[in-house]
Amino acid sequence: MFVLQLVVVLLLAAVAGILLVLAVQREGARAATQRSLAVAEGFAHAPGIVKALEGRDPATVLGPEEAAARHGSGVDFLTAVNRQALRSPLTLPGRADHLLPLLAGRTVTERAGGSHGSQYRAFVPVENARGTVVGAVSAGVTEKSTYGIAVRGLPDVLGITAGAVAVTTAGAALVSRRLLRQTHGLGPDEITRLYEHHDAVLHAVREGVVIVDASHRLLLVNDEAQRLLELPPAARGRPVDELRLAPPIAELLASGREAVDELHLAGSRVLAVNQRPLDRYGLPAGSVATLRDSTELQTLSGKAEAARERLSMLYDASVSIGTTLDVTRTAQELAEVAVPPFADCVTVDLAEAVILGDEPGGTDTRMLRIATATATATATAALREEPSSAGRTPESVGFLPDTPEARSLATGRAVLEPDLRNAHGGRATAPECGRRALDRGLHSLITAPLCARGTVLGVASFYRLESHKPYEDDDLELAEELAGRAAVCIDNARRYTREHALAVTLQRSLLPRGLPEQNGLDVGYRYLPAQKGVGGDWFDVIPLPGARVALVVGDVVGQGLHAAATMGRLRTAVRNFSSLDLPPDELLARLDELTYGDEDEETADLPGGMVGASCLYAVYDPVERRCTLARAGHLPPALVLPDRTVEYLELPAGPLLGVGGLPFESMDRDIPEGSEIVLYTDGLVEHRGGDLDDRLGLLAGALSRADGEPDEVCGAVLDALLPENPHDDIALLVARTRVVPEDRIARWDVPRDPAAVGRMRTAVADRLDAWGLPEDIGFVTELVLSELITNALRHAEGPIGVRLVLDRKLICEVSDGSSTAPHLRYAEATDEGGRGLFLVAQLAERWGTRYTPQGKVIWSEQPVPGPAQGRAGR
């Protein structure tokens with residue numbers, strides 16, 4: 001385009017130069033004619049010219065004058081002739097018609113050819129005083145002289161032309177540069193195609209485009225906008241308020257304000273309007289608006305919104321239903337998640353067997369209503385229910401055969417009743433209840449069976465009030481989906497309930513059903529199973545010989561039936577080992593070997609293998625007022641002194657049972673009378689997110705403040721430390737120590753002399769008589785002690801001691817320094833000995849041997865009459 005502009009400028013400059021030259025030439029010809037005329041007139045009126053022409057020889061007289069005048073005036077020739085010469089054609093060559101005007105006294109100018117080329121000539125008559133033409137003066141300029149004038153003006157012409165070309169070229173360059181910048185380097189063809197495409201797109205796009213200027217006139221409107229707004233054909237250029245648009249749209253277009261997806265009605269259409277001001281983009285004031293037909297989009301948007309709400313409710317259901325493994329709570333979660341997004345009232349009815357954890361049998365319509373949820377007080381009154389059914393007793397309900405609930409249970413499919421007033425069997429649970437529900441405004445119902453794994457567990461009923469639209473076929477799928485998800489969770493809770501009940505039953509069957517009779521300790525206990533799962537915590541109170549009492553508490557790591565079964569085996573093993581009267585450290589060692597040996601056989605198939613168990617074993621001797629304790633990976637026991645001071649006994653820490661590899665150590669501690677030995681499992685003090693030391697401090701504080709009997713102390717501790725939802729079993733054992741009075745204990749040192757047996761029999765008889773025991777008991781006691789002392793004298797070493805303890809039973813003990821175990825024999829008829837222990841076994845209720853660091857003790861027990869027993873127990 002720049003080159004084209006440059007060519008045009010040069011052509012214009014050339015034409016202008018040519019025209020300027022021609023004008024100069026034309027001006028030179030005019031000037032030559034005027035100069036010739038002026039010179040001829042001046043010479044014709046010069047003084048003496050008439051006289052000279054009337055003379056005989058005018059040429060001679062006027063010759064010098066002519067030459068001077070010609071040189072001074074710049075004409076090429078100047079001639080004066082008289083009348084006679086004027087009449088001669090040789091004097092004035094040219095056309096003869098020149099003479100007539102001259103003779104008549106008129107001036108003549110002309111361009112004619114001559115000996116010197118083309119000339120511009122003027123002929124002026126010379127008149128005398130009488131007005132008679134006496135001659136004429138002729139002056140002329142040749143055409144060559146005019147060329148000189150043009151050539152002299154040519155540099156100016158060329159300079160002006162060159163300046164014009166330079167200025168015009170610079171302007172063209174600036175214009176071309178700006179055009180290149182504005183058109184981004186596009187050529188004419190590209191610009192043409194761009195505008196063609198712009199028009200094609202503008203009018204073909206399925207979105208209206210409207211541009212309004214600052215004076216609210218319509219500058220541009222495409223075909224789609226003209227169709228959507230129903231504009232007349234000549235709408236462009238007219239003010240917006242004259243186009244008869246819908247008032248909201250007209251107001252928006254005239255205001256020029258910014259709008260984003262504003263919805264406006266235009267006739268039967270819903271238009272989404274977006275508008276932006278133009279001045280923010282550096283354009284003239286005005287606005288551009290786009291229009292989109294959203295009528296169908298609104299319909300689709302409504303359906304999409306409904307689908308989104310359903311998906312949102314299903315998501316909420318997947319998150320909210322089944323948060324616990326409780327059947328009632330899961331049913332209540334189903335009712336609550338559907339109200340109010342899907343229903344105004346929801347009821348959930350389950351078979352009674354499901355609530356108990358059993359498999360429902362058949363399709364019996366006798367159900368228990370365990371959950372309801374209502375959105376309004378009207379819906380609540382329609383069912384005559386409390387606003388929340390949580391915590392209430394399930395109500396027995398029955399469905400008539402033609403009710404929607406009964407049909408749903410029978411077919412296993414959801415049943416829709418859009419209008420209960422016109423539905424057969426629409427008066428749901430019972431006639432009076434159905435009438436009340438209809439009178440209160442419940443008019444639409446969907447009943448969905450709760451089916452899981454091919455079994456119908458119950459039915460869920462979804463009601464709507466008259467203030468909402470009735471249910472449609474599309475709602476059936478949502479109701480079935482909600483019921484199906486809830487049914488799986490309910491069935492999982494049912495299965496868990498059944499398994500949990502079995503595990504709890506097994507666990508309780510393995511725990512002590514009561515405390516044994518003994519006088520050494522006053523014992524209180526609490527056992528709380530975990531709400532989720534069944535653990536392996538256990539405790540036990542075991543009477544031992546010599547009025548001693550063993551306290552046991554333990555915890556199998558893990559939960560479930562395996563933990564409960566392992567706990568039962570460990571409790572049985574502890575009782576068996578305690579019958580051997582083993583020290584606590586040795587008993588834990590035996591228990592560890594047993595647990596480690598069972599590992600390969602019993603737990604090889606478990607996902608985590610053997611997880612171990614903890615145990616604390618304590619033996620309290622009310623005679624010596626001493627307690628011996630040992631632990632295997634268990635928390636230390638607490639000792640509450642009579643003044644309620646609490647301390648934790650720092651026992652040597654042993655490994656968990658089943659781990660093996662390390663020995664167990666025991667510790668002896670003298671216990672004042674009235675002290676409390678507190679044994680517990682980790683479920684009491686370990687809490688998620690809590691520090692163990694802080695929890696142990698809380699336990700110590702609760703024990704220091706608690707008062708009363710051991711059972712009351714247990715209650716106070718649980719009130720202070722029991723978590724809201726315990727995740728582990730809790731076992732708590734509080735044992736308050738007693739002592740055997742000194743007047744119920746008798747001790748003797750026996751010298752190593754056979755004669756000492758008789759003296760011991762006499763001393764024992766006197767003490768039994770002082771205790772008020774019958775003679776038959778004294779006879780048996782004397783016989784037993786004589787046999788035991790005799791055996792010690794014969795077979796044992798070291799000092800021999802005798803101790804009688806009157807407790808619930810009469811305990812006879814003979815100690816010596818030998819660790820040799822006595823054996824019961826059956827003597828032959830010819831044997832002289834071997835009948836002593838046999839007699840002891842026959843006469844005593846129980847007998848046995850226990851080992852001490854100094855040797856062993858052989859003991860026997862005999863029952864005593866009731867009064868004596870009562871006195872000994874105090």
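Cut-off values and rules
- Residues numbered from 1 in each chain as written.
- Predicted model: local features only at pLDDT ≥ 70, side-chain atom pairs only at ≥ 80, totals over all residues.
- Heavy atoms only, no water.
- Helix = DSSP H or I, 4+ residues; strand = E, 2+ residues; numbered from the N terminus.
- Contact = heavy atoms within 4.5 Å.
- Areas by Shrake-Rupley, 256 points an atom, 1.4 Å probe, with all protein chains shown as cover.
- Expected span 1.5 Å × (residues − 1).
- Buried < 20%, exposed > 50% of the residue type's maximum accessible area, 1.4 Å probe, protein only.
- Axes fitted to C-alpha atoms, helices over the stretch in contact; angles between N-to-C directions.
- Parallel < 35°, antiparallel > 145°, perpendicular 65-115°, else oblique.
- Left-handed = near helix turned anticlockwise from the far one by under 90°.
- Nonpolar A, V, L, I, M, F, W, Y, C, P; charged D, E, K, R; others polar.
- Arc of directions from axis to C-beta.
- Pairing = 2+ DSSP bridges.
- Phe/Tyr/Trp six-rings, centres within 6.5 Å; stacked < 30°, edge-to-face > 60°.
- pLDDT = per-residue confidence, 0-100.
- Salt bridge = Lys/Arg side-chain N within 4 Å of Asp/Glu carboxyl O.
- Core = buried A, V, L, I, M, F, W, Y, C linked by side-chain atoms within 4.5 Å.
- Polar contact = N/O pair within 3.5 Å; in protein donor to acceptor, adjacent residues only side chain to side chain.
- Patch = residues over 30% accessible without salt bridge, like charges linked within 9 Å, V, L, I, M, F, W, Y side chains within 5 Å.

Asker: Got a sec to walk through the overall build of the protein? Specific residues and values, please.
Answerer: From N to C terminus, the protein includes 25 helices and 30 strands. Partitioning the intrachain contacts of the protein with sequence separation of at least 6 by distance along the chain shows that 62% fall at a separation of at least 24. Surface accessibility of the protein: about 43800 Å² in total, with carbon and sulfur atoms responsible for 55%.

Asker: Explain helix 21 (residues 710–721) residue by residue, including any values.
Answerer: If you check helix 21, its first and last C-alpha atoms are 16 Å apart, about what twelve residues at 1.5 Å a residue would give, namely 16 Å. All of the buried residues in helix 21 are Pro-710, Val-713, Cys-714, Gly-715, Val-717, Leu-718 and Leu-721. Looking at the buried residues of helix 21, the elements they touch are strand 16 (521–528), strand 24 (676–680), helix 19 (682–685), helix 20 (692–705) and strand 25 (730–737).

Asker: Report on the packing of helix 20 against helix 21, specifying residues and quantitative values.
Answerer: In a pair of packed helices, the angle between the axes and the distance between the axes together describe the arrangement. Where helix 20 contacts helix 21, the axes come no closer than 9 Å and their chain directions differ by 140°. Of the possible angle classes, the one that applies to helix 20 and helix 21 is oblique. As for how helix 20 packs across helix 21, the hand of that crossing is right-handed. Contact residues: helix 20 offers Arg-695, Leu-698, Leu-699, Ala-702 and Leu-703, while helix 21 offers Val-713, Val-717, Ala-720 and Leu-721. Residue composition of the contact of helix 20 with helix 21, by class: eight nonpolar, no polar and one charged.

Asker: Can you lay out helix 9 (residues 247–255) for me, pointing to particular residues and giving the numbers?
Answerer: By the burial criterion, the buried members of helix 9 are Ile-249, Ala-250, Leu-252 and Leu-253. The buried residues of helix 9 occupy one face: seen down the axis, they fall within an arc of 165°. On its buried face, helix 9 is in contact with strand 5 (208–213), helix 8 (223–229), strand 7 (259–266), strand 8 (269–277) and strand 9 (286–293). At the exit of helix 9 stands Gly-256, carrying a positive phi of roughly 70°.

Asker: Kindly report on the sheet that holds strand 21 (residues 638–640), identifying the contributing residues and their values.
Answerer: In spatial order, the strands read 16-25-24-21-22; together these five strands make up an open sheet with antiparallel pairing. Strands at the two margins of the open sheet, each flanked by one partner only, are strand 16 and strand 22 (646–648). Taking the axes of each pair of neighbouring strands and ignoring which way they run, one obtains an average angle of 20° across the sheet. As judged from the eight bridges shared by strand 16 and strand 25, these two strands associate in the antiparallel manner.

Asker: So, the pairing of strand 29 (residues 846–852): which residues are in play, and what are the values?
Answerer: Relative to strand 30 (residues 855–863), strand 29 runs antiparallel, the two being bridged by seven bridges. Residue pairing across strands places Thr-852 opposite Gly-855, the latter belonging to strand 30. Connecting strand 29 to the antiparallel partner strand 30 that follows it, the hairpin turn spans two residues.

Asker: Describe in detail the pairing of strand 25, supporting the description with residues and values.
Answerer: As a general feature of sheets, a regular strand has side chains that alternate between the two faces. Extensive coverage of strand 25 is indicated by the burial of eight of its eight residues. Covered by surrounding structure in strand 25 are Ile-730, Leu-732, Val-734 and Arg-736 together with Ala-731, Leu-733, Ala-735 and Thr-737, the residues of both alternating faces. Where strand 24 meets strand 25, five bridges bridge the pair, whose relative direction is antiparallel. By the bridge assignment, Tyr-680 is partnered in strand 25 with Leu-732.

Asker: Could you give an account of the packing of aromatic side chains, with specific residues and numbers?
Answerer: Per the stated rule, a full pass over the model turns up three aromatic pairs. Ring centres of Phe-342 and Phe-462 lie 5.4 Å apart, and the angle between their planes is 75°; on these two criteria the pair is classed as edge-to-face. One end of the pair, Phe-342, is in the loop between helix 11 (327–338) and strand 10 (345–350); the other, Phe-462, is in strand 15 (residues 455–465), and 120 residues separate them in sequence. Assigned by exposure class, Phe-342 and Phe-462 land together as buried. Judged by centre distance (4.9 Å) and plane angle (35°), the ring pair of Tyr-525 and Phe-539 falls under tilted. Of this pair, Tyr-525 sits in strand 16 while Phe-539 sits in strand 17 (residues 535–543); the two residues are 14 residues apart in sequence, bridging distant segments of the chain. Among the residues examined, Phe-539 registers a relative accessible area of 2% and is labelled buried. Taken together, the ring pairs in this structure connect Phe-342, Phe-462 and Tyr-471 into an aromatic cluster.

Asker: Kindly report on the sheet that holds strand 9, identifying the contributing residues and their values.
Answerer: On the basis of which strands lie adjacent, the open sheet formed by five strands has the order 6-5-9-8-7 and antiparallel pairing. Edge positions in the open sheet fall to strand 6 (218–221) and strand 7, since each of these has one partner strand only. On average, adjacent strands in this sheet sit at an angle of 25° to one another, irrespective of strand direction. Examined bridge by bridge, strand 5 and strand 9 share six bridges and lie antiparallel to one another.

Asker: Break down the confidence of the model for the protein for me, citing the residues and quoting the values.
Answerer: Mean pLDDT over the protein stands at 81; residues scoring 70 or higher make up 85%. Overall, residues 425–434 carries pLDDT values under 50, and its contacts beyond four positions in sequence, including any with other chains, amount to 18 contacts. Under a pLDDT of 50 for its full length, residues 870–874 has, in the predicted model, nine contacts with residues more than four places off or in other chains.

Asker: Please set out the pattern of salt bridges residue by residue, giving values where relevant.
Answerer: Under the definition given, this model contains 35 salt bridges. Between Glu-258 and Arg-276 there is a salt bridge, with the nearest N and O atoms lying 3.7 Å from each other. With Glu-258 in the loop between helix 9 and strand 7 and Arg-276 in strand 8, the pair connects residues that are 18 residues apart, well separated along the chain. The partner of Arg-292 in a salt bridge is Asp-261, and the shortest N-O contact between them spans 3.2 Å. With Arg-292 in strand 9 and Asp-261 in strand 7, this residue pair connects regions lying 31 residues apart in the sequence. You can call Arg-292 partly exposed: its relative accessible area is 28%. Residue classification places Asp-261 among the partly exposed residues on the basis of a relative accessible area of 43%. Several salt bridges share partner residues, and in doing so they unite Glu-359, Arg-453, Asp-491, Arg-494 and Arg-495 into one network.

Asker: Got a sec to walk through the packing of helix 22 (residues 756–771) against helix 23 (residues 775–795)? Specific residues and values, please.
Answerer: At their nearest, the axes of helix 22 and helix 23 sit 9 Å apart, and the two run at 150° to each other. Two packed elements cross with a definite hand, and for helix 22 against helix 23 that hand is right-handed. The segment helix 22 lies against helix 23, with Val-757, Met-760, Arg-761, Val-764, Ala-765 and Leu-768 engaging Ile-777, Gly-778, Thr-781, Glu-782, Leu-785, Ser-786, Ile-789, Thr-790 and Leu-793. For the contact of helix 22 with helix 23, a count of residues per class yields nine nonpolar, four polar and two charged.

Asker: For the nonpolar core, give the residues involved together with the corresponding values.
Answerer: Judged by nonpolar contacts, the single largest core of 49 residues is most densely connected at Trp-538, Leu-551, Val-574, Leu-591 and Tyr-617. Among the elements that take part in this core, strand 19 (residues 613–621) stands out by supplying seven residues, more than any other. Contact partners of Leu-551, with chain neighbours within four places excluded, come to Leu-521, Asp-540, Val-541, Leu-616, Tyr-617, Ala-618, Ile-677, Leu-679, Leu-733 and Ala-735. Judged by nonpolar contacts, the second largest core, of 47 residues, contains Val-339, Val-346, Leu-350 and Ala-414.

Asker: Go over the side chain of Ser-614 with me, naming the residues and quoting the values.
Answerer: The topology assignment puts Ser-614 in strand 19. Here His-634 takes part through its side chain, which lies 2.9 Å from a polar atom of the side chain of Ser-614. The residues contacting Ser-614, other than those within four sequence positions of it, are Trp-538, Val-553, Gly-554, Asp-555, Ala-632, Gly-633, His-634 and Leu-656.

Asker: Got a sec to walk through a nonpolar patch on the surface? Specific residues and values, please.
Answerer: Residues Val-15, Ile-18, Leu-19 and Leu-22 make up a contiguous nonpolar surface patch of about 370 Å² in total accessible area. Taking the relative accessible area as the measure of exposure, Val-15 reaches 47% and is therefore partly exposed.

Asker: Just give me the short version of the environment of Ala-112, but keep the residues and values in it.
Answerer: Looking at the element boundaries, Ala-112 is found in strand 2 (residues 108–114). In this structure, the C-alpha to C-alpha distance between Ala-112 and Glu-143, residues 31 residues apart in sequence, is 9.9 Å.

Asker: Talk me through the environment of Arg-413; I want residue IDs and the actual numbers.
Answerer: Relative to the helices and strands, Arg-413 is located in the loop between helix 14 (404–411) and strand 13 (415–417). Between the alpha carbons of Arg-413 and Leu-476 there is a distance of 9.5 Å; along the sequence they are 63 residues apart. Excluding residues that lie within four positions of it along the chain, Arg-413 makes contacts with Ser-408, Thr-447, Pro-449 and Glu-480.

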